[in-house]
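Letter by letter, the chains look like this.
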Amino acid sequence: MKKTFLLTFLLLLRLGLTAQNPDRFNPKDLTIVGTYYYPEHWDESQWERDLKQIKELGFDFVHYAEFAWAQLEPEEGVYDFAWLDKAVDIADKNGLKVIMCTSTATPPVWLVRQHPDVLIEHEDGTKMDHGARQHPSVSNNFYREYSMKMIEKLAQHYGNDKRIMGWQLDNEPRPAQDYGKDAQQRFRDYVKAKYQTIEAVNKAWGTAFWSQVYSGFSEINIPRLSQMFMNSHQILDYHRFTTDEMAGFLDEQAVLIRKYASPQQWITTNYIPEYSDGHLRKSNGLDFHSYTRYMVFGEDYGIGRKGYRLGPVERIAKANDFFRTIDEVYGVMELQPGQVNWGKINSQPLPGAIRLWLWHVFAGGSKFTCTYRYRQPIYGTELYHYGIVGPDGVTPTKSGLEYSRFIKEIAQLRKEYKGDTKNPDSYEKRRTAILYNHENAWEMQRNRQTTEWDTEKHIDKYYNALKNFGAPVDFIDERNDFSEYNVMIAPAYEMVDRELVLRWRNYVEQGGNLVLTSRTGHKSRNGQLFEAPFGEPIYSLIGAKIDFYDLLQPRTPDQIAFDGRKYDWTSWGEILVPEVNTETWATYEGDFYEGSPAIIFHRLGKGTVTYVGVDSQNEQMEKAVLKKLYGILNITLADLPEGLHIEYRDGFGIAVNYADKTYSLPLPANTKYVIGSKDIPTAGVSVWKK
């Protein structure tokens with residue numbers, strides 16, 4: 001039953017020929033709202049009551065069967081869809097569409113007991129067990145094959161059902177580290193398929209170091225990630241392997257479903273952005289990508305003394321901007337319904353927070369939002385997890401009422417919608433791309449060189465500045481057309497090749513404005529330094545050489561002098577030697593290389609390259625650099641106060657306020673507000689017509 005890479009290739013080829021148009025949503029709806037419902041959790045006599053109330057609260061759809069494999073296949077080869085058919089019937093009777101989910105995150109106990117090899121094996125040899133979720137391994141051949149049997153039966157049954165609007169694959173899929181027998185062989189097969197010869201592997205992994213040389217593929221094991229000084233190039237390929245394994249598992253599901261699904265049914269899944277690890281852009285079988293987002297779960301993040309009740313201002317915005325640009329269509333499959341049970345400190349969200357989050361999701365362009373879940377459970381792991389209604393199954397929670405309010409407000413907005421309205425020119429002129437590659441983050445986090453370095457926080461310093469400017473942001477990858485953007489930022493883009501550097505150069509010469517930052521261009525795609533001066537591939541692009549880099553002790557920060565102000569730094573600083581025609585924007589202070597350039601500006605062809613060779617302790621320096629660049633480019637910026645976000649979509653402006661104070665929106669006095677007003681309080685929302 002061993003899967004071959006030829007089969008995977010053929011499947012992916014087929015996906016490329018059969019992928020559907022992802023936009024199945026009526027533009028006039030603007031967005032639709034749904035909720036998870038688990039009929040298998042409740043007495044059948046309550047289904048009619050529950051689904052009727054879901055509709056009365058205003059919801060458009062329900063979500064079924066996410067963890068129901070044991071009910072769908074109670075014993076091997078015996079399938080039972082009668083109960084689910086009844087639940088679909090009742091939903092349809094109440095005017096609710098259905099998202100159908102594959103249940104692969106929770107295989108039934110009979111499968112696990114008969115085939116214990118399907119369980120994930122940890123690095124120490126222990127295995128996961130039945131009783132949780134996401135315990136099977138997608139690298140186990142039997143599990144992959146058997147789960148497809150169940151999915152095919154589900155697709156055969158519901159693929160032509162007009163009441164099913166779409167499919168969610170698995171649950172919060174993420175790469176898993178499995179050290180089982182099948183995973184071991186599949187990793188060897190992956191390496192062999194990628195490199196063809198063992199000599200190529202030895203070169204890519206630098207195995208001459210520490211006598212690591214392999215003489216055959218059978219000698220290769222999955223790297224022990226906890227083992228100190230393990231080969232970092234091998235680990236990089238292992239991360240690539242695990243992401244490809246999950247992406248391939250999702251794509252195989254999509255192949256089967258699309259074989260039976262009507263053209264009106266779409267296929268997606270619910271990624272957690274922080275754990276997606278790059279595989280989400282490899283899942284080519286999906287029609288579009290969706291995400292899960294929880295905002296308040298015990299972190300002390302937010303603005304002001306009780307900011308943790310609203311959560312970080314950029315958390316939804318960044319997910320919107322990341323997922324929207326993959327397929328130009330996205331949804332939010334799980335949005336927090338209120339208090340949760342799994343955080344370190346499960347505080348109540350601030351009154352109005354749930355509505356705020358719903359509007360923030362909408363502001364980014366989402367086609368739908370679904371909340372987990374409708375009914376608060378009365379048994380199981382998530383006892384204290386809020387729902388739209390409480391444990392009595394009838395009484396709406398305060399956050400449930402906020403969902404209902406948002407749904408009514410969207411209905412109000414639909415009356416004002418005009419399909420031909422474009423976003424303001426000033427807003428679109430600020431649109432900026434951030435070029436992102438998860439592999440760079442893997443490599444840098446593995447080789448941080450200082451406890452002060454954090455890749456995501458480094459990127460956020462630029463992202464947060466852009467949102468403060470009121471700029472729409474698109475996270476793109478190397479498959480995108482760079483020329484669509486006037487400004488593109490590639491933060492800490494460590495691993496490059498000559499082709500990418502040439503693309504950057506062509507982009508700039510044709511009028512693009514590129515911002516590169518510290519650690520960019522240091523390594524090859526295998527994570528090796530170039531046999532050249534440090535960072536040499538980007539020298540002609542940035543108009544400078546990199547003399548050396550420095551890393552400071554946290555207790556002794558130095559300063560960057562930039563435009564009359566000084567900014568502290570500790571984590572990473574590159575000492576630059578600019579060419580004659582390259583401008584120096586900022587210099588180092590406080591150490592033996594004082595006066596050396598840290599930030600430079602280089603004109604090339606019709607465009608510009610700004611190189612920020614240092615990572616500051618806060619985002620104010622990065623913000624100042626971008627502000628100066630946009631000034632040179634004559635791009636008008638907003639200067640929004642902390643916590644206030646403004647976005648545009650479908651002819652509407654949307655403002656959300658995460659701050660601990662009321663703000664007055666920077667809009668003309670004659671602005672027509674559909675929701676809210678010019679003064680926007682904490683957790684407030686204002687919506688106006690363009």
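Bear in mind that the values here come from a model prediction, so they are computed numbers and not experimental data.

A. Representation of the overall build of the chain within the structure. Within the chain, the secondary structure is distributed over 18 helices and 25 strands. Its C-alpha atoms give the chain a radius of gyration of 26 Å, near enough to 26 Å, the size a compact globule of 690 residues would have. If you line up the chain on its principal axes, its C-alpha atoms span 80 × 75 × 45 Å. Scored against the burial criterion, the 690 residues of the chain give a buried share of 59%.

B. Up close: the domain arrangement of the chain. Taken domain by domain, the chain holds domain 1 (60–271), domain 2 (425–633) and domain 3 (645–689). A separation of 43 Å is found between the C-alpha centroids of domain 1 and domain 3.

C. Here's a closer look at empty space enclosed by the protein. Under the criterion given, the structure shown has 6 cavities of 30 Å³ or more. Looking at the largest cavity, its volume works out to about 60 Å³. In terms of lining, the largest cavity is formed by 13 residues, of which the most central are Val-138, Ser-139, Ala-176, Thr-242 and Glu-245. For the lining of the largest cavity, the element with the highest residue contribution is helix α9 (residues 232–260), accounting for 5 residues. Partitioning the lining of the largest cavity into residue classes produces 7 nonpolar, 3 polar and 3 charged.

D. Focus on the UniProt feature "active site" (unreviewed entry) in the chain. UniProt annotation of "active site" (unreviewed entry) refers to Glu-172 and Glu-334 when read in the numbering used here. Spanning 163 residues, the named residues form one tight spatial group whose C-alpha atoms are at most 9.7 Å apart. Following the sequence through the fold, Glu-172 ends up in the loop between β4 (164–169) and α7 (181–195). A residue is classified by how much of its surface remains accessible, and Glu-172, at 6% relative accessible area, is buried. Among all residues touching Glu-172, those that are not within four sequence positions of it are Arg-133, Gln-134, Asn-270, Ile-272, Thr-292 and Glu-334. As for its position among the elements, Glu-334 is in strand β7 (residues 330–335). Once you skip the residues sitting within four places of it in the chain, Glu-334 turns out to touch Tyr-36, Glu-66, Asn-171, Glu-172, Asn-270, Tyr-291, Thr-292, Arg-293, Tyr-294, Cys-370 and Tyr-372. In terms of polar contacts, Glu-334 uses its side chain to reach the side chain of Asn-270, at 3.0 Å.

E. Broad picture of the sheet that holds strand β1 (residues 32–36). Overall, parallel pairing links the 8 strands, which are arranged β1-β2-β3-β4-β5-β6-β7-β8 in a closed barrel. Taken pair by pair, the neighbouring strands of this sheet meet at an average axis angle of 25°, ignoring direction. Note that strand β5 (residues 266–271) and strand β6 (residues 289–293) share 2 bridges and pair parallel. Of the residues in β6, the one forming a bridge with Asn-270 is Ser-290. Along the sheet face, helix α4 (residues 82–93) touches β2 (61–64), β3 (97–101) and β4 and points at about 170° away from the line of β2.

F. Highlighting the environment of Met-100. Following the sequence through the fold, Met-100 ends up in strand β3. Judged by relative accessible area, which is 0%, Met-100 ranks as buried. It is 6.4 Å that separates the C-alpha atoms of Met-100 and Gly-166, two residues lying 66 residues apart in sequence. Not counting residues up to four positions away in its chain, the partners in contact with Met-100 are Tyr-64, Ala-65, Leu-84, Val-88, Leu-154, Tyr-158, Ile-164, Gly-166, Trp-167 and Gln-168.

G. Structural context of the pattern of salt bridges. Under the criterion given, the structure shown has 46 salt bridges. For Lys-689, the salt bridge is made with Glu-416, and the minimal N-O distance between the two is 3.4 Å. Separated by 273 residues along the polypeptide, Lys-689 in strand β25 (residues 685–689) and Glu-416 in the loop between α12 (398–414) and α13 (425–429) bring together distant segments of the chain. Between Lys-566 and Glu-589 there is a salt bridge, with its nearest N and O atoms 3.0 Å apart. In this pair, Lys-566 sits in strand β15 (residues 565–578) while Glu-589 sits in strand β16 (residues 583–589), placing the two residues 23 residues apart along the sequence.

Conventions used here
- Sequence positions are assigned chain by chain, starting from 1 and proceeding in written order.
- Given that this is a predicted model, residues contribute local features only at a pLDDT of at least 70 and side-chain atom pairs are listed and counted only at 80 or more, while totals for whole chains, interfaces and linings are drawn from all residues.
- Hydrogens are left out, water is left out, and the side-chain values use all remaining heavy atoms of the structure.
- Put simply, DSSP H or I for four residues or longer makes a helix, DSSP E for two residues or longer makes a strand, and each gets a number counted from the N terminus.
- Atoms counted for the radius of gyration: C-alpha only. Globule rule: 2.2 Å times residue count to the power 0.38.
- Only protein chains enter the accessibility calculation, which uses a 1.4 Å probe; a residue is then buried when its area is under 20% of its type maximum, exposed when over 50%, and partly exposed in between.
- Source of the domain bounds: an automatic or database domain assignment.
- Residues are called lining when one of their atoms sits within 4 Å of a cavity or pocket point, these points coming from a 1 Å grid over the protein atoms alone, where a cavity is a set in which a 1.4 Å probe fits but cannot get out and a pocket is an open set with protein on both sides within 12 Å along at least five of seven lines.
- Grid points are joined across faces, edges and corners, and a volume is the space filled by probe spheres set on the points.
- In this count, Pro and Cys sit with the nonpolar residues alongside Ala, Val, Leu, Ile, Met, Phe, Trp and Tyr, while Asp, Glu, Lys and Arg are called charged and the others, Gly among them, polar.
- UniProt positions are given in the numbering used here, feature names are shortened, and annotations may be inferred rather than shown by experiment.
- Every residue pair with non-hydrogen atoms within 4.5 Å of one another is taken to be in contact.
- Pairs of N or O atoms are called polar contacts if they sit within 3.5 Å, as long as, within protein, a hydrogen donor faces a hydrogen acceptor (for residues adjacent in sequence, only side-chain-to-side-chain pairs).
- In this description, strands pair whenever DSSP reports at least two bridges between them.
- Fitting a line to C-alpha atoms yields each axis, with helices limited to the stretch in contact; the angle taken between N-to-C directions then spans 0 to 180 degrees.
- What makes a salt bridge here is a side-chain nitrogen of Lys or Arg within 4 Å of a carboxyl oxygen of Asp or Glu, nothing more.

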